[in-house]
Amino acid sequence: ALPSGASLDGRAAMILDLTGVALHQWLGLAIPLLAIFHLVRHWQWVKTVSGRLLGLTSASARRFYAVDAALLAGFLTIAGTGLVISTWFGLDLPGYAAWHTVHVMASVATLALVVVKVGLHWRWIVSTARRYLAPSPAPAAAGTLGPAVVPVKVNRRDFIGLMAAVGAVSV
């Protein structure tokens, strides 16, 4: 149940219609945990780029870092406002509508940033997906003839396909 005087408008119902409030809240807890796992998995990159951010580092590393920092801020905002407006604590908030609005706006902005992040890493995503979904044959033993290993090439069509799928899911 929502706090007294609170209602769900169409923006928030975009997910709640599919999941219901309870599952939405549990997913809202799981997604930041996945983001934390991703951060821990790539912690060495974060440390390296953080140390060189103002010095010698590439423009693309700075761009990735900026998007990742904005994603961190977005996920923290979503998690914080989500916990405050959740049914778990049953808080009777006089400013519920403002908390709700910030939660929804942060969610939409963060989703847009996730799409940007996928777009920035599209070559890696496509080549990794191909490697797992259509693995190349194992190399032949030394001294025997076998098929030549051809490197995976990614092209504009792959980018358009990936971004169309990500766009459809995000809509």
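Parameters at a glance
- Residues numbered from 1 in each chain as written.
- Predicted model: local features only at pLDDT ≥ 70, side-chain atom pairs only at ≥ 80, totals over all residues.
- Heavy atoms only, no water.
- Salt bridge = Lys/Arg side-chain N within 4 Å of Asp/Glu carboxyl O.
- Helix = DSSP H or I, 4+ residues; strand = E, 2+ residues; numbered from the N terminus.
- Buried < 20%, exposed > 50% of the residue type's maximum accessible area, 1.4 Å probe, protein only.
- pLDDT = per-residue confidence, 0-100.
- Contact = heavy atoms within 4.5 Å.
- Phe/Tyr/Trp six-rings, centres within 6.5 Å; stacked < 30°, edge-to-face > 60°.

## Overview of the pattern of salt bridges
Applying the stated criterion across every chain, the model contains one salt bridge. Among the ionic pairs, Asp-68 bridges to Lys-117, the shortest N-O distance being 2.6 Å. With Asp-68 in helix H3 (residues 59-85) and Lys-117 in helix H4 (residues 96-120), this residue pair connects regions lying 49 residues apart in the sequence. You can call Asp-68 partly exposed: its relative accessible area is 25%. By relative accessible area, which is 17% here, Lys-117 ends up buried.

## Some remarks on the confidence of the model for the protein
Scored by pLDDT, the protein comes out at a mean of 76, with 76% of its residues at no less than 70. Low pLDDT (under 50) marks residues 1-14, which in the prediction has 17 contacts with non-local residues, meaning those over four places away or in another chain.

## Regarding the packing of aromatic side chains
Two numbers describe a pair of aromatic rings. These are the distance of the centres and the angle of the planes. If you walk through the whole model with that rule in mind, you get two aromatic pairs. Geometrically, the ring pair formed by Trp-26 and Trp-88 is tilted, given 5.0 Å between the ring centres and 55° between the ring planes. Taken together, the residues Trp-26 in helix H1 (residues 10-41) and Trp-88 in the loop between H3 and H4 connect sequence positions 62 residues apart. Note on Trp-26: relative accessible area 53%, which makes it exposed. Looking at Trp-88, the relative accessible area reads 37%, which means it is partly exposed. A ring pair is formed by Trp-45 and Tyr-65, whose centres lie 6.3 Å apart and whose planes are at 45°; its orientation type is tilted. A residue pair is termed long-range when its members are at least 10 positions apart, and Trp-45 in helix H2 (residues 43-52) and Tyr-65 in helix H3 qualify at 20 residues. Judged by relative accessible area, Trp-45 falls into the partly exposed class, the value being 31%. Under the relative-accessibility criterion, Tyr-65 is labelled partly exposed at 22%.

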